[in-house]
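Topology and contacts: notes
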Protein chains: 2
Amino acid sequence: MTSTTETPGSNAQRERRRRILDATIALADSGGYDAVQMRAVADNADVALGTLYRYFPSKIHLLVTALGREFERAEAQSRTRVVPGDTAHQRVMHVLGVTTTALQKQPELTEALTRAFMFADASVAEEIHVVGVKLTAMITHAIDGTDEAREPTDEDMAIVRVIGDVWLSALMGWVTGRTSADDVTKSMDVAVKLLLR
Amino acid sequence: MTSTTETPGSNAQRERRRRILDATIALADSGGYDAVQMRAVADNADVALGTLYRYFPSKIHLLVTALGREFERAEAQSRTRVVPGDTAHQRVMHVLGVTTTALQKQPELTEALTRAFMFADASVAEEIHVVGVKLTAMITHAIDGTDEAREPTDEDMAIVRVIGDVWLSALMGWVTGRTSADDVTKSMDVAVKLLLR
DNA sequence: GCTATGATTGAAACACGTTCTAGATTCGGA
DNA sequence: TCCGAATCTAGAACGTGTTTCAATCATAGC
């Protein structure tokens, strides 16, 4: 199974790539989408601007890839533990709650990554797909509840997708300042209740 | 009831505003988000660049406002007629199907407006809210089915919001080339079935 | 009609994403 | 060890969103 970190290239290249993504996350965390300026990323990663563009063909690719790495981390962590809760509803809300709280603590970072994800066009399809897979994996795991994954039914998968969609929209509402983090949790609760009944 | 077209200013100003939005839609229709260049909009609307910025403080505001005007039009039209279908599910799918078909016919326009909507930040909250209201009004009307709107229940409203969220995500998938228009319809069908049961 | 005030214009200038170029540097293979 | 190819660097340059400014125009109130 080759699902995780397989990055091609020499050691030095893997290092550069890591420095670039680290700088991206740091800048995003400090000032959101606008603070992630390509020249600043290149400087902070000790890399020339041209090199940055050789690794990531656009700011959007860069940010969505960074988002993917964060999700990778979160999903890996969630995979290691049994999600608490007696019902699927409780377990899903637990995962979503934990995630929302985490995002809330880094609003600038969340804004940067979410907006990049939203703005992405067709050329970023692959990176976006990676994120989608991780997200659905997390929710599916929560519905299951056990660490031993049973095969999810078609309906399960449909429900997971809808939950993911609602989560994305809610996140968008929060990022654009139309709703509060509480509203995000509330609307997720309503949606999950409607779906997992 | 002051729900519709109330635009302040002199006649000449209303005219300018209309020309600007017309030019925006025309450019978006012809070449999508990238083709809506502020200098081009100003030229086509016979307006100075500075004037364009006096009317709309950014490209995003401009596009989201244009989206609002299109929704206004669509919602007004949908309001005038009884939605066909025996069940809420059928009626909602009818409205979503008609809308999706319409969007499919103008993919560049859809791409431009959707991406602007997605990329919007907090400063565009008001314009975005307008769009949200129109969208939920259309779906609510479809659930109702009658031209005489009865008061929707809390659950109705929650369902409508979830449907709107899923629709937005599906649209995003289509715009970014990850899914086909058929997929949009299919995923809406699944979501609506799950919700209106 | 005249004037003050605000709106509009045209054009320059700036910011940041992106591209391009010419010269180092690195690295794998003979 | 040396060569050629790929990669990296520094920096200039370009495109488009946005800002700014001086000059002109339109209009409401006298």
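Above this text is the structure in question.
Below is a summary of the structure that appears in this document. This one's a predicted model, so the numbers in the text were calculated from it and none came from an experiment. (Residues numbered from 1 in each chain as written. Chains lettered and ligands numbered in written order. Predicted model: local features only at pLDDT ≥ 70, side-chain atom pairs only at ≥ 80, totals over all residues. Heavy atoms only, no water.)

1. Things to note about the packing of helix α8 (residues 154-175) of chain A against helix α9 (residues 181-195) of chain B
Relative to each other, α8(A) and α9(B) sit at 95°, their axes nearing to 10 Å. One way to sum up the angle between α8(A) and α9(B) is to call them roughly perpendicular. Listed contacts from α9(B) to A:E155, A:A158, A:I159 and A:V162 of α8(A) are B:V190, B:A191 and B:L194. (Axes fitted to C-alpha atoms, helices over the stretch in contact; angles between N-to-C directions. Helix = DSSP H or I, 4+ residues; strand = E, 2+ residues; numbered from the N terminus. Parallel < 35°, antiparallel > 145°, perpendicular 65-115°, else oblique. Contact = heavy atoms within 4.5 Å.)

2. Considering the relation of the copies chain A and chain B
Mapping chain A onto chain B leaves a residual RMSD of 0.1 Å; the transformation is a rotation of 179° accompanied by 0.1 Å of translation along its axis. This pairing of chains is accounted for by a two-fold axis. (Least-squares fit on C-alpha atoms with pLDDT ≥ 70 in both.)

3. Re the packing of aromatic side chains
Counted according to the given criterion, the structure contains five aromatic pairs over all chains. Pairing A:F71 with A:W167 gives two aromatic rings, centres 6.4 Å apart and planes at 90°, and the pair type is edge-to-face. Of this pair, A:F71 sits in helix α4 (residues 59-80) while A:W167 sits in helix α8, and the two are 96 residues apart along the sequence. Here the two residues A:F71 and A:W167 agree in accessibility, since each one is buried. Residues A:F119 and B:F119 carry aromatic rings whose centres are separated by 4.1 Å and whose planes lie at 35° to one another, so their mutual orientation is tilted. Of this pair, A:F119 sits in helix α6 (residues 107-119) while B:F119 sits in helix α6 (residues 107-119), which puts the two residues in different chains. On the basis of relative accessibility, which here comes to 12%, the residue B:F119 falls in the buried class. (Phe/Tyr/Trp six-rings, centres within 6.5 Å; stacked < 30°, edge-to-face > 60°. Buried < 20%, exposed > 50% of the residue type's maximum accessible area, 1.4 Å probe, protein only.)

4. Concerning the pattern of salt bridges
Opposite charge on two side chains permits them to pair, given that their charged atoms come into close proximity. On inspection of all chains with the given rule, the structure shows 16 salt bridges over all chains. The salt bridge involving A:R69 is made with A:D22; its shortest N-O contact spans 2.8 Å. Residue A:R69 is found in helix α4, and its partner A:D22 is found in helix α1 (residues 11-35); the two are separated by 47 residues along the sequence. Residues B:R115 and B:E111 are paired through a salt bridge, measuring 2.8 Å at the closest nitrogen-oxygen approach. (Salt bridge = Lys/Arg side-chain N within 4 Å of Asp/Glu carboxyl O.)

5. Notes on the protein's contact with DNA strand C
By nearness alone, 17 residues border DNA strand C, and A:R39, A:K59, B:R16, B:T51 and B:Y55 come closest of all. For DNA strand C, the fraction of protein-proximal atoms (within 4 Å) that sit in sugar or phosphate groups is 66%. In this structure, a phosphate oxygen belonging to DNA strand C sits 3.0 Å away from a side-chain N or O atom of A:Q37. At 2.6 Å from a phosphate oxygen of DNA strand C is found a side-chain nitrogen or oxygen belonging to B:T51. Taken together, the elements giving at least two residues each to the surface near DNA strand C come down to α2 (38-44) and α3 (49-55) of chain A together with α1 (11-35) and α3 (49-55) of chain B. Broken down by class, the residue content of the surface near DNA strand C amounts to seven nonpolar, four polar and six charged. (Near = heavy atom within 4 Å. Polar contact = N/O pair within 3.5 Å; in protein donor to acceptor, adjacent residues only side chain to side chain. Nonpolar A, V, L, I, M, F, W, Y, C, P; charged D, E, K, R; others polar.)

6. Digging into the protein's contact with DNA strand D
Around DNA strand D lies a shell of 17 residues, among which A:R16, A:T51, A:Y55, B:R39 and B:K59 are the nearest. At the protein interface, 66% of the atoms of DNA strand D within 4 Å belong to sugar or phosphate. With respect to DNA strand D, the backbone of B:V36 contributes an N or O atom lying 3.5 Å from a phosphate oxygen. Contacts to DNA strand D include B:M38, whose backbone N or O atom sits 3.0 Å from a phosphate oxygen. Among the elements of the structure, α1 and α3 of chain A together with α2 (38-44) and α3 of chain B are those that each provide at least two residues to the surface near DNA strand D. For the surface near DNA strand D, the element with the most residues is α3(A), which contributes three residues. Looking at the surface near DNA strand D residue by residue, the class counts come to seven nonpolar, four polar and six charged.

7. Some words on the interface of chain A and chain B
Of the residues lining the interface, 27 residues belong to chain A; the matching set on chain B comes to 27 residues. Between chain A and chain B, roughly 2600 Å² of surface is buried when both sides are summed, and carbon and sulfur atoms account for 67% of that area. For the pair chain A and chain B, the interface holds zero salt bridges. Here chain A and chain B share four residue pairs in polar contact (both at pLDDT 80 or more) between them. Counting residues per element, the ones that place at least two in the side of chain A that touches chain B are α6, α7 (125-144), α8 and α9 (181-195) of chain A. In terms of residues, the side of chain A that touches chain B owes the most to one element, α8(A), which gives nine residues. A breakdown of the residues in the side of chain A that touches chain B according to their chemical character gives 18 nonpolar, three polar and six charged. (Buried area = accessible area lost by both parts, 1.4 Å probe.)

8. Notes on the environment of A:G68
All names here are of chain A. Note on placement: G68 falls in helix α4. You can call G68 buried: its relative accessible area is 8%. Taking the C-alpha atoms as reference, G68 lies 7.9 Å from I128; in sequence the two are 60 residues apart.

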